[in-house]
Amino acid sequence: MFLFFLPQSADMSAASNLRSEDQFLCSICLDVFTDPVSTPCGHNFCKTCISQHWDMNQSCQCPMCKETFSTRPQLRVNTFISEMVAHSSEQQAAKPGEVPCDVCTGTRLKALKSCLVCQTSYCQTHLEPHLTVKRLKRHQLIDAVENLEGRMCTKHDKLLELFCKTDQTCVCMLCSVLDHKNHEFAELEKTEAEIQQMIQKRRLKIQEITESVKMSKDAADRQKAEGVQVFTALMESVERRLKELMKEIEDKQETTEKQAEGLIKDLEQEISELMERSSEVEQLSRSEDHLHLLQSFSSLKAAPPTKDWTEVRFHPPSYEGTVGRAVDQLQETIRKLMKKKLLEAELQRVQQYEVDVTLDPDTANSWLILSDDGKQVYCGDVRKNLPDNPERFSRYAMVLGEQSFSSGRFYFEVQVKGKTEWTLGVATESINRKGKVTLCPRNGFWTVWLRNGNEYKARAESPVDLCLHPGPEKVGVFVDFEEGLVSFYDVGAAALIYSFTGCSFTHKLHPYFSPSLNDGGKNSAPLIICPVNQTESINN
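Residue numbers run consecutively from 1 along every chain, following the written order of its sequence. This being a predicted model, a pLDDT of at least 70 is required before a residue's local features are given, and a value of 80 or more before pairs of side-chain atoms are given or counted; all residues contribute to the totals for chains, interfaces and linings. Derived side-chain values reflect all non-hydrogen atoms in the structure, with water molecules and hydrogen atoms excluded from consideration.

1. Thoughts on the overall build of the protein
In this description a helix means any DSSP run of H or I spanning at least four residues, a strand means any run of E spanning at least two, and both kinds are numbered starting from the N terminus. Scanning the protein from N- to C-terminus turns up nine helices and 24 strands. Residue contacts are counted whenever heavy atoms from the two residues lie within 4.5 Å of one another. Within the protein, residue pairs in contact and separated by at least 24 positions form 56% of the contacts whose partners lie at least 6 positions apart. Summed over its atoms, the accessible surface of the protein is roughly 34,300 Å², and 53% of this surface lies on carbon and sulfur atoms. Note on areas: Shrake-Rupley with a 1.4 Å probe; residue coverage comes only from the protein chains shown.

2. Structural notes on a nonpolar patch on the surface
Within the patch definition used here, like charges are joined within 9 Å and nonpolar side chains (Val, Leu, Ile, Met, Phe, Trp, Tyr) within 5 Å, considering only residues with over 30% relative accessible area and no salt bridge. By salt bridge we mean one thing: a side-chain nitrogen of Lys or Arg within 4 Å of a carboxyl oxygen of Asp or Glu. Where nonpolar side chains cluster on the molecular surface, the patch consists of Leu-174, Val-177 and Leu-178 and spans about 280 Å² of accessible area. Along the chain, Leu-178 turns up in helix α6 (residues 173-178). Exposed residues in this analysis have more than 50% of their type's maximum accessible area, buried residues have under 20%, and partly exposed residues fall in between, with area computed by a 1.4 Å probe over protein chains only. Taking the relative accessible area as the measure of exposure, Leu-178 reaches 53% and is therefore exposed.

3. Remarks on helix α4 (residues 124-132)
Those residues of α4 not exposed but buried are His-126, Leu-127, Pro-129 and His-130. Viewed along the axis of α4, the buried residues span an arc of 140°, placing them on a single side of the element. The arc in question is traced by the directions running from the helix axis to the C-beta atoms.

4. With respect to the sheet that holds strand β8 (residues 141-143)
For two strands to be treated as a pair, DSSP must find no fewer than two bridges joining them. Strands sit in the order β7-β6-β8 across an open sheet of three strands; the sheet is antiparallel. Single-partner strands in this sheet number two, and they are β7 (120-122) and β8. For this sheet the average axis-to-axis angle between neighbouring strands, irrespective of direction, equals 35°. Bridge count between strand β6 (residues 113-115) and β7: three bridges; the pairing is antiparallel. Counterpart to Ser-114 in the pairing with β7 is Ser-121. Axis lines are fitted to C-alpha atoms, over the contacting stretch for helices. Their N-to-C directions set the angle, which ranges from 0 to 180 degrees.

5. Observations concerning the nonpolar core
Trp-422, Phe-500 and Phe-513 are the most contacted members of the largest nonpolar core, which totals 39 residues. With residues near it in sequence (within four places) discarded, Phe-500 still touches Pro-441, Trp-446, Thr-447, Ala-458, Arg-459, Ala-460, Gly-484, Leu-485, Val-486 and Phe-488. Each nonpolar core is a collection of buried residues, namely Ala, Val, Leu, Ile, Met, Phe, Trp, Tyr and Cys, held together in the definition by side-chain atoms within 4.5 Å. Of all hydrophobic cores here, the second largest spans 13 residues; its members include Cys-26, Val-37, Phe-69 and Ile-81.

6. Notes on the packing of aromatic side chains
Aromatic contacts are taken between Phe, Tyr and Trp rings whose centres are within 6.5 Å, Trp giving its six-membered ring; a plane angle under 30 degrees counts as stacked, one over 60 as edge-to-face, and the others as tilted. Counted by the stated rule, this structure contains 10 aromatic pairs. Arranged with centres 5.8 Å apart and planes meeting at 50°, the rings of Phe-412 and Phe-513 form a pair that is tilted. In this pair, Phe-412 is assigned in strand β15 (residues 409-415) and Phe-513 in strand β23 (residues 509-514), connecting sequence segments 101 residues apart. Each of the two residues, Phe-412 as well as Phe-513, counts as buried. A centroid spacing of 5.5 Å and a plane angle of 80° characterise the contact between Phe-445 and Tyr-512, whose relative ring orientation is edge-to-face. Here Phe-445, found in strand β17 (residues 445-451), pairs with Tyr-512, found in strand β23; they are 67 residues apart in sequence, far enough to count as distant.

7. What to know about the sheet that holds strand β1 (residues 36-38)
An order of β2-β1-β5 is seen for the three strands of this open sheet, with the pairing classed as antiparallel. Taken across any chain shown, the strands that pair with only one partner, and hence form the sheet edges, are β2 (44-46) and β5 (76-77). Pairing between β1 and β2: three bridges, direction antiparallel. Its bridge partner being in β2, Ser-38 is matched across the sheet by Asn-44. Most of the contacts of helix α2 (residues 47-56) go to β2, to which it runs at about 90°, and overall it touches β1 and β2.

8. A look at the pattern of salt bridges
On inspection of all chains with the given rule, the structure shows 18 salt bridges. Arg-108 is paired through a salt bridge with Asp-102; the nearest N and O atoms lie 3.3 Å apart. For Asp-102, a relative accessible area of 42% puts it in the partly exposed group. Close ionic contact of Lys-224 with Asp-221 constitutes a salt bridge, the shortest N to O distance being 3.8 Å. With a gap of three residues between them, Lys-224 and Asp-221 both fall in helix α7 (residues 188-285), about one helical turn apart. Taking relative accessible area as the criterion, Lys-224 reaches 56% and is therefore assigned exposed.

9. Considering the pairing of strand β13 (residues 376-379)
A regular strand places its side chains on the two faces of the sheet in alternate fashion. Residues of β13 alternate between two faces, with Val-377 and Cys-379 buried on one and Gln-376 and Tyr-378 left unburied on the opposite face. Hairpin connection between strand β12 (residues 368-370) and β13: a loop of five residues separates the two successive antiparallel strands, and Gly-374 in this loop has a positive phi of roughly 70°. Relative to strand β24 (residues 527-530), β13 runs antiparallel, the two being bridged by two bridges. Across the sheet, the residue bridging to Gln-376 is Ile-528, located in β24.

10. Description of unusual backbone geometry
Cis geometry is adopted by the peptide bond preceding Pro-470, which originates at His-469 and carries an omega value of -5°. Within the fold, Pro-470 resides in the loop between β19 (464-466) and β20 (474-480). A positive phi is found at Asn-452, a non-glycine position, where the angle reads about 60°.

11. As for the environment of Tyr-456
Mapping Tyr-456 onto the fold places it in strand β18 (residues 455-458). Aside from chain neighbours lying at most four places away, what touches Tyr-456 is Trp-422, Trp-449, Leu-450, Val-464, Asp-465, Leu-466, Leu-468, Gly-471 and Pro-472.

12. Some words on the confidence of the model for the protein
Here the protein shows a mean pLDDT of 83. Residues at 70 or above account for 88%. pLDDT runs from 0 to 100 and stands for how confident the predictor is about each residue. Confidence over residues 1-20 falls short of pLDDT 50; this stretch has 16 contacts with residues more than four positions distant or in other chains. In this model residues 534-540 is a low-confidence stretch, pLDDT under 50, and it forms 10 contacts with partners more than four residues away in sequence or in other chains.

13. A few points about the environment of Gly-374
As for its placement among the helices and strands, Gly-374 is situated in the loop between β12 and β13. In the structure, Gly-374 is positioned 155 residues away from Ile-529 in sequence and 8.6 Å away in space, judged by C-alpha atoms.

What follows is the structure, given as structure tokens:
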């Protein structure tokens with residue numbers, strides 16, 4: 001009786017559902033209502049559909065009952081149908097991979113639950129009897145699953161919940177007690193959870209790989225841009241040197257040709273004079289007046305002598321070695337240019353790791369004066385009365401940045417313009433702040449300094465003299481925590497000052513600053529933490 005009643009009720013419900021869906025269709029566009037409105041005659045249409053229908057016709061006539069209105073009616077939204085359409089749209093058809101309702105006819109909606117007694121999956125509408133009818137409420141409902149019959153034990157009509165590892169088959173709870181006693185089992189739900197966890201891990205790995213590929217692509221794009229920049233500069237340098245070489249050779253050739261033209265002109269002039277004299281001699285030789293001949297010959301003999309060209313030599317320039325010298329010069333130019341461009345590219349690369357650094361007043365020595373924004377520090381003339389907390393440097397004019405770093409890369413820039421002494425770098429959180437401090441990596445400091453206006457040193461275990469002429473006006477500090485690298489850059493010259501390599505960081509790192517003593521006003525200029533790419537001085 002029950003098996004007969006349920007399908008009949010479901011069919012009736014489905015038919016009712018289909019009829020209700022028809023009521024939500026616009027008779028003009030034959031689709032579900034969009035902004036449903038009602039006409040005075042009581043029929044319903046999409047607002048756009050009825051408006052366009054009346055726009056295309058001279059009279060305002062209802063498309064359903066053909067009632068004509070003398071004036072265009074004012075359309076009002078049908079709130080009841082709008083709410084019903086919205087409610088109906090919430091029940092969506094089952095998508096690929098989702099369990100469809102076994103009762104729906106036509107469009108099969110997404111099933112919410114499966115009944116182990118009825119062995120049927122139900123959508124929200126067709127599930128209603130199982131939630132309201134007393135005898136159906138006793139049925140066991142589970143989350144909707146496909147192929148429900150295949151998930152039931154054919155012997156005990158129970159859900160297959162266990163996997164018998166001994167017999168390599170799925171069984172129900174009764175099977176585990178009766179037919180598979182003392183066998184080793186795995187709960188299917190637990191196995192499913194483990195599988196889902198494995199799936200999630202693999203999805204995270206895919207995400208990780210995808211992110212790595214993106215980072216690799218970004219790095220490749222940066223390298224390509226740097227390569228284009230460097231090789232464009234190289235090609236421009238080669239083209240410029242080639243033009244200079246061509247002009248040098250052409251200028252030499254032009255000078256040679258002018259010299260040759262001058263000599264040839266002089267020679268041609270003398271040839272012309274000699275030919276004229278030759279003509280005169282020939283005429284005199286034909287004269288029979290011997291007295292006149294002797295007189296004329298004397299005048300010819302007294303004429304200025306012609307130039308002696310025996311010792312004149314024309315030496316065209318030698319082009320041997322010209323190209324070789326040009327190539328040598330070009331190689332030197334390219335070497336310098338490549339070094340400059342590569343350093344510029346390297347500086348641009350590390351600048352992308354810029355961090356916002358501010359000075360930590362709790363660490364500042366009592367002689368130091370910090371700006372309100374925590375971006376500037378200099379040494380004053382009066383010692384302030386400050387609490388001697390554990391973080392504060394008590395003996396030297398030192399201060400740390402508030403920010404600490406325990407991984408990754410970071411970069412910051414500091415203006416040192418106008419100072420005769422300063423020290424910059426990074427320091428570990430565990431450094432000695434109360435007694436005598438020796439700046440070196442062994443004690444947790446990686447720094448460079450300026451003393452006496454022009455003496456630069458890298459404070460390694462054995463201090464390294466640095467030749468910086470002129471000295472930097474702005475210093476960039478870059479740290480790669482994992483690589484154990486601390487590098488210092490002259491930002492204005494885009495030049496590497498010094499690098500500490502192979503460092504072992506066992507504690508958090510803080511940016512480190514020391515403006516040094518005031519020195520009677522000679523070193524009163526502050527150290528200024530600057531944003532990257534700032535070109536104008538902020539210390540005016």
